[in-house]
Each structure stands twice: as C-alpha cells, then as structure tokens.
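Here is what each chain is made of, one letter per residue.
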Amino acid sequence: MARPSRCPLELRRRAVHMVAEVRDDYANETAALQAVTEKLGIGSRETLRNWVKQHEIDTGT
C-alpha cells in the first residue's frame, strides 16, 4: 500500500492545473514545472512531474 501524500489533494490539483495553464509560456515542460514548483513551494520538480503524469493517466490524455 502506498503511503499517504504529505501534500493536500487540493494543492496537487491546483499545481497540475497551473502546469497545464502555463506550459505554453515556457520553452519546455521542465521550465514550466520548475516555475510552478517554486510558486507553490512544492518540494521537488519531479514530484510535480509525477502528479502531472498521474493526472494524464487518470484522465486518459
């Protein structure tokens, strides 16, 4: 069983939504992830990347 996330679900949703909104404003996805990570104080860019990937899997995109 996976351990519970330290970040609230609402923060995860907001972060994933923000990445989708700003993705086109940056040269690449990594830069967009870094910007959102810094704005929201998320511990790691890779954490956010995993949230985005999981969201894409869950929504079938």
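Everything discussed here concerns the structure shown above.
A. Representation of the pattern of salt bridges. Per the stated rule, a full pass over the model turns up 3 salt bridges. For Glu29, the salt bridge goes to Arg23, with nearest N and O atoms at 2.8 Å. For Arg23, a relative accessible area of 29% puts it in the partly exposed group. Across the pair Arg23 and Glu56 runs a salt bridge, and its minimum N-O distance is 3.8 Å.

B. Molecular detail of the nonpolar core. Core analysis: the largest hydrophobic core is formed by 13 residues, its most contacted members being Ala15, Val36 and Leu48. No other element matches helix α1 (residues 9-22), which puts 5 residues into this core. Dropping the residues within four chain positions of it, Val36 is found in contact with Ala15, Met18, Val19, Val22 and Leu48.

Conventions and cut-offs
- Think of each chain on its own: its residues are numbered from 1, step by step along the sequence as written.
- Two thresholds apply to this predicted model, a pLDDT of at least 70 for residue-level local features and 80 or more for giving and counting side-chain atom pairs, whereas whole-chain, interface and lining totals are computed over all residues.
- Values shown for side chains rest on all heavy atoms present in the structure; no hydrogens or waters enter the calculation.
- Put simply, a salt bridge is a Lys or Arg side-chain nitrogen that is within 4 Å of an Asp or Glu carboxyl oxygen.
- Only protein chains enter the area calculation, which uses a 1.4 Å probe; residues under 20% of their type maximum are buried, those over 50% are exposed, and those in between are partly exposed.
- Among the buried residues, those of types Ala, Val, Leu, Ile, Met, Phe, Trp, Tyr and Cys that are joined through side-chain atoms within 4.5 Å form a nonpolar core.
- By definition, any uninterrupted DSSP run of H or I lasting at least four residues is a helix, any uninterrupted run of E lasting at least two residues is a strand, and each is numbered from the N terminus.
- In this description, contact between two residues means that some pair of their heavy atoms is separated by no more than 4.5 Å.

Interpretation note: all reported values are geometric properties and have no functional meaning in isolation.
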